[in-house]
Amino acid sequence: MKKILSSTPLIMLIFSVVVLSAPIWLAPLGANYPDLLQKFAIFGIFAVGYNILFGLTGYLSFGHATFLGIGSYTAVWSFKLLTMNILPAIILAMIVSGVFALVIGFLSLRRSGIYFSILTLAFAQMAYSLAYSVLTPITNGETGLQLTQQDPRYLDAIAGIPVKDGLPSTNLFGTLIKSMDGYFGFYVAAVVLIVAFYISLKIFRSPFGMKLRAIKSNQTRMKYTGFNTRPYLLTAFVISGMYAGLAGGLLASIDPLAGAERMQWTASGEVVLMTILGGVGTLIGPLLGATIIKYFENIFSALNSNELHKIFDFLPEGMENFMVTVVGPFVGEGWHLTLGLVFMIVVIFLPGGIMQGISHLFGFIKRIFGMGDKPAPVDDTVNNDSVSKGGAS
Amino acid sequence: MDAILIQLLNGLDKGGAYALIALGLTLTFGTLGVVNFAHGALFMLGAFCAVLFNKVLTISAKVKDESITFFDAYKETPYLELWWGDTGATIIDYSVPLSILFVIPIMLLVGVIMERGLIKHFYKREHADQILVTFGLAIVIQEIIRHFFGANPIPTPAPDVVAGSAAVGAFFGLNENLVYPWWRLIYLAFSLSIIGAVFAFLKYTTFGMVVRAGMADRETVELLGINVQKRFTIVFGIATVVAGLAGAMYAPILPPDYHMGMDFLVLSFVVVVVGGMGSLPGAVAAGFLLGLLQSFASMNEVKAIFPGIDQIIIYLVAVVILLVRPRGLMGREGVFED
Amino acid sequence: MSTTPNNILEIAGVNKTFGGLHALSDVNLKIEEGETHAIIGPNGAGKSTLLNCCIGRLIPDSGSVTFNGKNMIGMAPHDINHAGMVRIFQTPEIFPDLTLLHNVMIPALAKRDGTFKFNPFKSLASEKAILEEAHATLADFELDKFHDQLAGSISRGDKRRLELAMGIIQHPKLLLLDEPTAGMARHDTNRTIDLLKSERMSHMTKVIIEHDMHVVFSLADRISVLVRGNIITTGTPEEIKNDPKVKEAYLGESEDE
């Protein structure tokens, strides 16, 4: 039974159905509009990739937003210089961010622990500052990089695509998907997410993934066991950097502009948060974390005191005003306060994130019904890690 | 020559702030073994203590403005002035230096609550967990401040007497017209004296001796039967107060806003790493060194040769030092290397 | 040992100082292929330092370490492992967050894949040969019943046997054991002795550092005595038992205490 449940094709089938039907089952939550769905998928990709580095090897990078930013810039340049087709843009975004990840990773991975974190942070801050200053010709500084009517788009010109008035829209081979607006954007991102998740699943279940986890567990032992750990770490770093570049390229494909604020270190902090919230080192956790954070960001940050009054309308007036005063600071502009608190609570009480919570819950239910004392395996890789996290706390 | 003098002063000034923040960070690293990402937020909290103090002092009453006669006009006058006249006005004028008296108990309280309530439980956790939980705390502190004080920087003036500039040019026998803000000079002197005080405290008191011994070899100190735990709280409190003082006095130089802590935190971490994790003199030296480097890099002559260098110099230095001298300038072996 | 002995490991003139302390001074040692060689000596004699110099954790100040005809000095730990020298640590160095099965699969993969191999699309479940070998090795060490437990959760004695299994699965040419029974109860110690004498391991060349003379005399073909960074003598267990120098070294040490 367990074997069948954890078989790759079945997981991928369920995963694909769940992702592709998101517009339907997210409707009751009010989260079924394209803008938000796109964010779920794109930041999901970002977090799934980040997890390959942080979740498997335990190396905490504080600079991964850099690669997202580089991906965005690359994609917009591809739209400006080559073609409005998103495929080359996304591929180039991955390649360029992969190259940057190779260089930054090569240097940063010469150190471990907090030194590694600081090195990635330093590189990220450098990239961010440069994007705002000297690199303005490439990044267009504070305004951000945008499309213009005058962009050459050499490939489109060669293909004889007529230049119309107004800015052209991004597309997939012109006719296949004419515009990335609305649900098209979501479905493109969703398909990419499914592929990205599949690759992550394969890595998790490969000897390569097991070795990465062994490095996290005891790097010294790995060296004396005959592994050169640095190329393993570098490969994981580059893969996660390419995932970030992919996410950045997709962001630019849906809305063709790129700004340096995407590279800010708070943005790097956000992906760490998503991963932690969902469950570090678990397969599905980071995706869950990304979705939850983007969902609540959307809901909470839109609430203002008027809406709060509406929500607490059913209470007597005194209570209503009191509740609005209490809840007020946590919503709207104060959404980050909620985020910070949730973050702290998760790290303090649930270091394994939501996935650990789920696994504890399953264990609890099983114990109640006397079905044995082992926690319920959702999937062996997921289970292993959340249990170990629980043991460490 | 003139430009160099100004940049030298600028650098020392900035370096003073970096050194003070880095000092506290290093103290918590070295003794408690905790990586505190909320330390920048404590700096910011200090600055807002000065803001709050100023606001409290200037709580005003509406008073009829006697100078306007043809209609009833009202003006806001602080109670302090109403009660004590000129003495009250002087107190308000000196709100920033006076706020030190307010900052010390408040920050000590914040520090003790933070250590007892949160940090204590993270001594045995991984560094990554420490970073993450204090990162969350930093966001929380910062958002609370934003909720009460808004998102805009709040100008907080220095006392009138020192609001002007000192004729440093004349003093050094250079251009007569070369001036430098008094308050910045005071800040430099202030940071130096705080650094001196912390070092003296660690060097000449028994408590300081235990702390230094603990930084060198915690296990042995614990084996000697000394209660290190209790001292941790005090050390954390000291680090908090130092950060708070650095922030309060910095308010006239940089009008405080809620995210100034994050900006300084990243830089201070770089400072600590460059100085060498766990080395107090290293943190101070690196603070001043990086402050100077940053201000010289922002000279036009330098920028003409290396465009954008002023933006990245600190990070560049950090990367080079970490790669060439993994333990920073004065770091010890085996600190934070697992 | 009727045929001419073939020296698999030759340590010649190795010196190592820490600050002013001579941890090893001019150590010379030859390990013959197939033998079990014990190194004994009082605390602080430099036994662990000597092992560390062999596996690349420390680089000696001078001297040479030749393994299987190749100079090991300056080689990275993972290359030394692939040359065939494997060390078992005194405090068990395992992967606490991985299952026992994965713990033994990793060294088996190291043996097969070399220092680096990027195979993200190969499934662990398809590694039939490795899985089979891992299970068999765990079974040899009476650990197979725990194979899906996390290595961090088993008892200390089990952890040490697990690490032994991790070493054995690589079929090393030379196994270096750092106090394999330290801190073990008599029952566990005897179990370990039996394991080391078992068919699978009895012909393997081994260097054992050990305090427990019961273990030393039940296992060793030859014994070297290391005192204050010097090898004072090497010989068969019988010779060592009757060597006055050894007695003096141990007694002298106990007088210091």
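Please read all numbers here as calculations on a predicted model, not as lab measurements.

## Describing the overall build of chain A
Within chain A one finds 20 helices and 2 strands. In terms of overall size, chain A behaves like a compact globule, its C-alpha atoms giving a radius of gyration of 22 Å where 393 residues would be expected to give roughly 21 Å. Its C-alpha atoms give chain A principal-axis dimensions of about 70 × 70 × 40 Å. When contacts within chain A are restricted to residue pairs at least 6 apart in sequence, those whose partners lie at least 24 apart make up 76%.

## A few points about the overall build of chain B
Looking only at helices and strands, chain B has 15 helices and 4 strands in total. Rg of the C-alpha trace for chain B: 22 Å, near the compact-globule value of 20 Å for 338 residues, within the 12% margin. The principal-axis extents of the C-alpha atoms in chain B amount to approximately 80 × 50 × 35 Å. The buried share of chain B, taken over its 338 residues, is 46%. Considering only residue pairs separated by 6 or more positions, chain B has 75% of its internal contacts joining residues 24 or more positions apart.

## Points about helix α12 (residues 260-275) of chain B
Every α-helical turn comprises 3.6 residues, leaving residues that sit three or four positions apart pointing alike. Residue and element names in this part refer to chain B. Relative to the 22 Å expected for 16 residues at 1.5 Å per residue, α12 spans 22 Å between its end C-alpha atoms, a close match to the ideal helical length. Counting buried residues along α12, 15 of its 16 residues qualify, which places the element largely inside the surrounding structure. Note on α12: the residue one or two positions beyond its end, Gly276, has a positive phi of about 110°.

## Quick look at the sheet that holds strand β2 (residues 21-32) of chain C
Residues and elements named next belong to chain C. Pairing is antiparallel in the open sheet, where 4 strands are placed in the order β2-β1-β4-β5. Looking along the sheet, the strands with just one partner apiece sit at the ends: β2 and β5 (70-71). By the bridge criterion, 2 bridges tie strand β4 (residues 62-67) to β5 in an arrangement that is antiparallel. Bridge pairing links Thr66 to Asn71 in β5.

## Quick notes on the pairing of strand β1 (residues 60-64) of chain B
All names here are of chain B. In terms of burial, β1 is largely open, as just 0 of its 5 residues are buried. Two elements, β1 and strand β2 (residues 74-78), share 5 bridges in a ladder whose sense is antiparallel. Bridge assignment links Lys62 to a residue of β2, and that residue is Glu76.

## Here's the deal with the sheet that holds strand β6 (residues 85-88) of chain C
Residues and elements named next belong to chain C. If you walk across this open sheet you meet the 6 strands as β6-β7-β8-β3-β9-β10, and the pairing is mixed. Two strands lie at the open edges of the sheet, namely β6 and β10 (230-235), each paired on one side alone. In this sheet, neighbouring strand axes are inclined to one another by 20° on average, regardless of whether the strands run parallel or antiparallel. Sheet analysis places strand β3 (residues 36-40) next to strand β8 (residues 205-209), joined by 4 bridges and oriented parallel. Paired with Thr36 across the strands is Lys206, a residue of β8. The sheet strands contacting helix α1 (residues 47-55) are β3, β6, β7 (174-178), β8 and β9 (222-227), and the helix crosses β7 at an angle near 145°.

## As for the interface of chain B and chain A
Taken together, the contact pairs 33 residues of chain B with 35 residues of chain A. Taken together, the elements giving at least two residues each to the side of chain B that touches chain A come down to α6 (127-149), α12 and α15 (309-324) of chain B. Examining the composition of the side of chain B that touches chain A, we find that 14 residues originate from one element, α6(B), more than from any other. The residue inventory of the side of chain B that touches chain A, partitioned by class, reads 24 nonpolar, 5 polar and 4 charged.

## Here we look at unusual backbone geometry
All names here are of chain C. Unusually for a residue other than glycine, Asn68 sits at a positive phi of about 55°. Examined against the element boundaries, Asn68 turns out to sit in the loop between β4 and β5. Classification of Asn68 by C-beta neighbours within 10 Å gives partly exposed; the count is 16. For His171, which is not glycine, the phi torsion reads 45° and is therefore positive. Note that His171 resides in the loop between α5 (156-168) and β7.

## As for the interface of chain A and chain C
Counting residues at the interface gives 28 residues for chain A, matched by 31 residues for chain C. For the side of chain A that touches chain C, the elements supplying multiple residues, two or more each, are α10 (182-204), α11 (207-217), α12 (219-224), α13 (229-254) and α20 (380-392) of chain A. In terms of residue count, the dominant contributor to the side of chain A that touches chain C is α11(A) (8 residues). When the residues that make up the side of chain A that touches chain C are grouped by side-chain class, the tally is 10 nonpolar, 11 polar and 7 charged.

## Topic: the pairing of β6(C)
Residues and elements named next belong to chain C. Burial along β6 is two-sided: Met85 and Arg87 and Val86 and Ile88, pointing in opposite directions, are all buried. With 4 bridges joining them, β6 and β7 adopt parallel strand pairing. Paired with Arg87 across the strands is Leu176, a residue of β7.

## Points about helix α9 (residues 206-216) of chain B
Residue and element names in this part refer to chain B. Those residues of α9 not exposed but buried are Val211, Gly214 and Met215. Looking straight down α9, one finds that the buried residues subtend no more than 100° of arc, so they occupy a single side. Among the exposed residues of α9, those oriented more than 90 degrees off its buried face are Thr206, Met209 and Ala216.

## Quick notes on the nonpolar core
Nonpolar side chains in soluble globular proteins generally cluster together in the buried interior. With 287 residues, the main nonpolar core has Phe46(A) and Val270(B) as its most contacted residues. Each of domain 1 (1-84 + 176-257) and domain 2 (97-171) of chain C gives at least three residues to this core. Beyond its immediate sequence surroundings of up to four residues, Phe46(A) is in contact with Leu68(A), Tyr243(A), Ala244(A), Ala247(A), Val271(A) and Ala290(A).

## Some remarks on the packing of helix α4 (residues 34-57) of chain A against helix α15 (residues 285-302) of chain A
Each pair of packed helices can be summarised by the angle the axes make with each other and by the distance between the axes. All names here are of chain A. For the pair α4 and α15, interaxial distance at closest approach is 8 Å and the crossing angle is 140°. Relative to α15, the crossing made by α4 is right-handed. Two secondary-structure elements touch here, α4 through Leu36, Lys39, Phe40, Phe43, Gly44, Phe46, Ala47, Val48, Tyr50 and Asn51 and α15 through Pro286, Leu287, Gly289, Ala290, Thr291, Lys294 and Asn298. The class makeup of the residues in the contact of α4 with α15 is 10 nonpolar, 5 polar and 2 charged.

## Description of the confidence of the model for chain A
All names here are of chain A. A residue-level look at chain A finds 92% of positions with pLDDT of 70 or above and a mean pLDDT of 85. In the model of chain A, α20 stands out as the element of lowest mean pLDDT, 38, in contrast to α13, which has the highest, 96. In the predicted structure, residues 373-393 sits below a pLDDT of 50 and forms 47 contacts with residues beyond four places in sequence or in another chain.

## With respect to the environment of Leu147(A)
All names here are of chain A. Looking at the element boundaries, Leu147 is found in the loop between β1 (145-146) and α9 (154-159). On the basis of neighbour counts, which here come to 17 C-beta atoms within 10 Å, the residue Leu147 falls in the partly exposed class. Residues Leu147 and Val188 lie 41 residues apart in sequence; the distance between their C-alpha atoms is 21 Å. Excluding residues within four positions of it along the chain, Leu147 makes contact with Phe79, Lys80, Leu167 and Pro256.

## Some thoughts on the packing of α12(B) against α15(B)
Residue and element names in this part refer to chain B. Where α12 contacts α15, the two axes come as close as 9 Å, and the packing angle between them is 30°. Considering the angle they form, α12 stands roughly parallel to α15. Like other packed secondary-structure pairs, α12 and α15 cross with a definite hand, here left-handed. On the side of α12, the interface is formed by Leu267, Val270, Val273 and Val274, while α15 contributes Ile314, Tyr315, Val317, Ala318, Ile321 and Leu322. Per-class residue counts for the contact of α12 with α15 are 10 nonpolar, no polar and no charged.

## Examining the environment of Phe62(A)
All names here are of chain A. Turning to its location among the elements, Phe62 is positioned in the loop between α4 and α5 (65-81). Expressed as a C-alpha distance, the spacing of Phe62 and Ala267, which sit 205 residues apart in the sequence, is 9.1 Å. Aside from chain neighbours lying at most four places away, what touches Phe62 is Ser117, Thr120, Leu121, Ala124, Trp265 and Ser268.

## Focus: the confidence of the model for chain B
Caution applies to low-pLDDT regions: their predicted coordinates should not be interpreted in detail. Residues and elements named next belong to chain B. Looking at chain B as a whole, the pLDDT averages 82, with 96% of positions reaching at least 70. Throughout residues 334-338 the model reports pLDDT below 50, and contacts reaching past four residues in sequence, or to other chains, amount to 8 contacts. We note a pTM of 0.87 for the whole complex and an ipTM of 0.88 for its interfaces.

Definitions and limits used
Residues numbered from 1 in each chain as written. Chains lettered and ligands numbered in written order. Predicted model: local features only at pLDDT ≥ 70, side-chain atom pairs only at ≥ 80, totals over all residues. Helix = DSSP H or I, 4+ residues; strand = E, 2+ residues; numbered from the N terminus. Rg over C-alpha atoms; globule rule 2.2 N^0.38 Å. Contact = placed C-beta atoms within 7 Å. Buried ≥ 20, exposed ≤ 12 C-beta atoms within 10 Å, placed from the backbone. Expected span 1.5 Å × (residues − 1). Pairing = 2+ DSSP bridges. Axes fitted to C-alpha atoms, helices over the stretch in contact; angles between N-to-C directions. Nonpolar A, V, L, I, M, F, W, Y, C, P; charged D, E, K, R; others polar. Arc of directions from axis to C-beta. Core = buried A, V, L, I, M, F, W, Y, C linked by C-beta atoms within 7 Å. Domains from an automatic or database assignment. Left-handed = near helix turned anticlockwise from the far one by under 90°. pLDDT = per-residue confidence, 0-100. Parallel < 35°, antiparallel > 145°, perpendicular 65-115°, else oblique.

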